[in-house]
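# Coordinate inspection notes
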2 protein chains.
Amino acid sequence: MAKIYKAALIIIGNEILSGRTQDQNLKYFASKMVESGIEVTEVRIVPDVEEVIVEAVRDLKDKVDYLFTTGGIGPTHDDITSMSVAKALDVPLVKNSQAYQMLEEHYGKNRFTPARQKMAKTPQGAKLIPNPVSVAPGFISKNVYVMAGVPEVMRAMVDYIVRTLKGGDVVLSKTIPCRFPESIIAYDLANIQDKFQEVSIGSYPHFSDGAFGVSIVLRSSNEQMLIRASMEVDLMVSSFESAAINDSSLEFATYDADKLV
Amino acid sequence: MAKIYKAALIIIGNEILSGRTQDQNLKYFASKMVESGIEVTEVRIVPDVEEVIVEAVRDLKDKVDYLFTTGGIGPTHDDITSMSVAKALDVPLVKNSQAYQMLEEHYGKNRFTPARQKMAKTPQGAKLIPNPVSVAPGFISKNVYVMAGVPEVMRAMVDYIVRTLKGGDVVLSKTIPCRFPESIIAYDLANIQDKFQEVSIGSYPHFSDGAFGVSIVLRSSNEQMLIRASMEVDLMVSSFESAAINDSSLEFATYDADKLV
C-alpha cells in the first residue's frame, strides 16, 4: 500500500482564540495539502504562550511528515514563534546570516533596528521560506515549516513550500447533494460505506430555509472505486427522490425510507 | 487573584481538515466564552477517527474547566463523537431515556429507526443540551459539553450553555488601528507592554492595498489599567503620525521612529 503523507498545522495567535479574528488560513492551507497528496491529520490553535507552543510542536512533530505553523514571526514582543520552535526542537536560536542580509538590504543599515533584526533569527541550520510580500522570511527547521500569519504572506509561503514537498496519491473527491435529512439516508449510506472500504464517505448536514439537507462527500485515491461508490450514492438519492415524488412531505419519504432499507 | 476560567474546543470533522468547508463555529463560540469571562486556551480540529478524538478529549479535559466538542453527533456512520467521548471519559455509552423519548415523540414510533435511535445514546449520567432547531440533543458528561456541528444548531447550544457556566472577570478589550507597519512600533509597544503587566497587548498586522497596517489589541479585566495603557498606545500612534506628517514616506517615519526610541 502506498505511503500516506501526513501534515499538521499549528495556528498561533490569541486573536483567533478570542473570537476577534476569523481564521482565513486553514482552508487555503488544507486545500493545497490535499492537492499535493498530503493528508491534514490535525490542526491546533494555540495562544502566544511559549510553553503551549513548545508542547504543541513537540507533540505533533513526530506524528506527521510535515508540521506547519502560522503566525508570530513578526518584530513585536508577542511574536515568539521562532524561539518557541527552536526550544521545542532543542536547536539554538541564532542570527540567520541570509535572513539578516536580506532584511538589512531591504530596510537599509540605519533603519535595521533591533526589532527588525529579531526577524532574522531562526533555529540553527534552518532553511528560509521566501516572503515575496514583505521580505521577512519564514523558515524550515527539521520537519517544521514556520510561516507568517498574515493571509497574503501565508498563501505565498504555502505556494512555495508545496512545490518542495513529497506527497502520496492525490485523494479525489466527489460531492453529491441530497435534500433529505441525514437520518433518512443513514442506513443506506452506511451499507455503501461498508461495501467500499477504499472510499471514505462523509455526510455533512446543513440547515437552510428551515430544512436540513446533506452534502455527501466521497473521497478516495482509487478513482475507479470512487466512481463506483458515487454511482451507488447517486442511485440511493434517486430512490428517495422517487419515493417522495408522490408525496411532498419529507416525513412520507422518511417512512418509505424505512421500508426501503 | 481571581480565578481564571478556561475552556477548550475540539472541532470534529474531516470536512474542515480537507479544506472543503470553512469553519463557522469557532469565532461565535470564542466570542461567547469571552463575554462570559471564560478564556479559550486551545482549539483542536481533528478527523472523524475514534482514537484521535479519544486522545484529544483525554488530553484536554483536565487542563480546562470546560471542554467543548462540535460535530459528529448525527445519525450517520461517520458520527462517532458520542461513543468516543464516552470512551475517553471511561463511562459506558447508554440509551438516554429522556433523549429517546424526545426523539421518538418527534419522529413517531414507526419512523424512529435505528439510525435515529443512535442519536439518543449518551455517556451514562449525561445531562442533555436542548436543540431547538432539530430536536436531537447535545449532552454534558463530566466537564465535557458535546454540541452539534451544524452552525445554526451549535449557536443555539452555545447560547443555552453559556447561561449555565460560571466564569471569571470579563476581559475587556480595546482595538487601536495603526497605519504603520509592526517593525516601526515594535520597540515602543514592548515598552508599554512592560509597563502594564495586567494588560495583554497584541499586535495584528494586516496587508491591504500594498501596505501593512496593524491592529493593536489591548485586553484586561482591569478597566482602569486598560484605559491607561490604551492612552499610552494612542499617544504612541499619534507621535508616529506627527513624525510622518512632514514626509509622506513611511520610510521617513521609520527612520524617525528609530530616533524616537
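Conventions and cut-offs
Throughout this description, residue numbers start from 1 for each chain and increase along the sequence as written. For this description, chains carry letters from A and ligands carry numbers from 1, given in the order in which they are written. Local features in a predicted model are, by the rule used here, given only for residues with pLDDT of at least 70; side-chain atom pairs are given and counted only at 80 or more, and totals for whole chains, interfaces and linings are based on all residues. Neither water nor hydrogens contribute to the side-chain values; these are computed over all heavy atoms in the structure. Strand pairing requires that DSSP identify at least two bridges connecting the strands. Comment: elements are numbered from the N terminus, with helices defined as DSSP H or I runs of at least four residues and strands as E runs of at least two. Interaxial angles span 0 to 180 degrees and are taken between N-to-C directions of axes, which are lines fitted to C-alpha atoms, for helices over the stretch in contact. Two residues qualify as a contact provided that any one of their heavy atoms is within 4.5 Å of a heavy atom in the partner residue. These domain limits were set by an automatic method or by a database of domain assignments. Each angle is binned into one of four classes, with values under 35 degrees roughly parallel, values over 145 roughly antiparallel, values of 65 to 115 roughly perpendicular, and all other values oblique. A crossing counts as left-handed when the near helix is turned anticlockwise from the far one by less than a right angle, and as right-handed when that turn is clockwise. For our purposes a nonpolar core is just a set of buried Ala, Val, Leu, Ile, Met, Phe, Trp, Tyr and Cys residues, chained together by side-chain atoms within 4.5 Å. Think of it in three bands: residues with accessible area under 20% of the maximum for their type are buried, residues over 50% are exposed, and the middle band is partly exposed, with areas taken using a 1.4 Å probe on protein chains only. Buried area is calculated as the accessible area (1.4 Å probe) missing from two parts once they are joined, with the contributions of both summed. Any carboxyl oxygen of Asp or Glu that lies within 4 Å of a side-chain nitrogen of Lys or Arg is treated as forming a salt bridge with it. Here the copies were fitted onto each other by least squares, based on C-alpha atoms from residues at pLDDT of at least 70 in both. Stacked, edge-to-face and tilted labels apply to pairs of Phe, Tyr and Trp rings (six-membered ring for Trp) whose centres lie within 6.5 Å, assigned for plane angles under 30 degrees, over 60, and everything in between, in that order.

### Observations regarding the sheet that holds strand S11 (residues 211-220) of chain A
Backbone-to-backbone hydrogen bonds join strands into a sheet, with any given pair of strands oriented parallel or antiparallel. Residues and elements named next belong to chain A. If you trace the three strands from one edge of the open sheet to the other, you get S9-S11-S10, paired in antiparallel fashion. Edge positions in the open sheet fall to strand S9 (172-178) and strand S10 (200-208), since each of these has one partner strand only. Neighbour-to-neighbour, the strand axes of this sheet turn through a mean angle of 20°, independent of strand direction. Pairing of S9 with S11, which is carried by seven bridges, proceeds in the antiparallel orientation. The residue of S11 that forms the bridge with Thr 175 is Val 217. Its contacts with the sheet put helix H9 (residues 223-245) on S9 and S11, and the angle it makes with S9 is roughly 0°.

### Here we look at the domain arrangement of chain A
As assigned here, chain A comprises domain 1 (5-162) and domain 2 (172-260). Centre-to-centre, using C-alpha coordinates, domain 1 of chain A lies 40 Å away from domain 2 of chain A.

### Re the packing of helix H3 (residues 50-61) of chain A against helix H4 (residues 81-88) of chain A
All names here are of chain A. The contact between H3 and H4 brings their axes to 8 Å, and the two run at 50°. Judged by the inter-axis angle, H3 sits oblique to H4. In terms of crossing hand, the pair formed by H3 and H4 is right-handed. Residue-level contacts link Glu 50, Ile 53, Val 54, Val 57, Arg 58 and Lys 61 of H3 to Met 83, Ser 84, Val 85, Lys 87 and Ala 88 of H4.

### Topic: the nonpolar core
One recurring pattern in soluble globular proteins is that nonpolar side chains are buried together. By size, the foremost hydrophobic cluster in this structure holds 122 residues, and its most contacted members are Phe 68 of chain A together with Phe 68 of chain B. Sequence-distant contacts of Phe 68 of chain B, defined by excluding residues within four places in its chain, comprise Ala 7, Ala 8, Leu 9, Ile 10, Phe 29, Met 33, Tyr 145, Met 147, Ile 161 and Leu 165 of chain B.

### A word on the interface of chain B and chain A
Facing the 67 residues of chain B at the interface are 67 residues of chain A. For the pairing of chain B and chain A, the buried interface totals around 5600 Å² over both sides, and the portion due to carbon and sulfur atoms is 56%. When the buried area of chain B at its contact with chain A is split by residue, Arg 20, His 77 and Tyr 204 of chain B rank highest and sum to 11% of it. On inspection of chain B and its partner chain A, the count reaches two salt bridges. Residues Glu 55 of chain B and Lys 63 of chain A are paired through a salt bridge, measuring 2.9 Å at the closest nitrogen-oxygen approach.

### Some points on the environment of Asp 62 of chain A
Looking at where Asp 62 of chain A falls in the secondary structure, it is placed in the loop between H3 and strand S3 (66-70). On a C-alpha basis, the gap between Asp 62 of chain A and Pro 47 of chain A in space is 21 Å, while along the polypeptide they are 15 residues apart.

### Things to note about the relation of the copies chain B and chain A
Least-squares fitting of chain B to chain A yields an RMSD of 0.0 Å, with the transformation described by 0.0 Å of translation along the axis and a rotation of 180°. The two molecules are tied by a two-fold rotation axis, judged by turn and shift. Of the C-alpha atoms belonging to chain B, the one lying closest to the rotation axis is found on Arg 44 of chain B, 2.2 Å away. Residue by residue, 100% of the interface of chain B is reproduced at the interface of chain A, so both copies engage with the same surface.

### Observations regarding the sheet that holds strand S6 (residues 127-129) of chain B
Taken together, twelve strands build an open sheet; the order of strands is S6(A)-S7(A)-S8(A)-S3(A)-S1(A)-S2(A)-S2(B)-S1(B)-S3(B)-S8(B)-S7(B)-S6(B) and the sheet is mixed. Both edges of this open sheet fall to strand S6 (127-129) of chain A together with S6 of chain B, since each of them pairs with a single strand only. Each strand axis lies, on average, 20° off the axis of its neighbour in the sheet, ignoring direction. In this structure, strand S7 (residues 138-141) of chain A lies alongside strand S8 (residues 144-147) of chain A, joined through three bridges in antiparallel fashion.

### Observations regarding the packing of aromatic side chains
Residues and elements named next belong to chain A. On inspection of all chains with the given rule, the structure shows 14 aromatic pairs over all chains. Their ring planes at 80° and their centres at 6.1 Å tell us that Tyr 66 and Tyr 145 sit as a pair that is edge-to-face. Placement of Tyr 66 in strand S3 and of Tyr 145 in strand S8 is noted, with a sequence separation of 79 residues between them. Taken as a pair, Tyr 66 and Tyr 145 share a single burial class, namely buried. With a centroid separation of 4.8 Å and an interplanar angle of 70°, the aromatic rings of Tyr 100 and Phe 112 are classed as edge-to-face. One end of the pair, Tyr 100, is in helix H5 (residues 97-107); the other, Phe 112, is in the loop between H5 and helix H6 (114-118), with twelve residues separating them in the sequence. For the pair Tyr 100 and Phe 112, one class covers both residues: buried.

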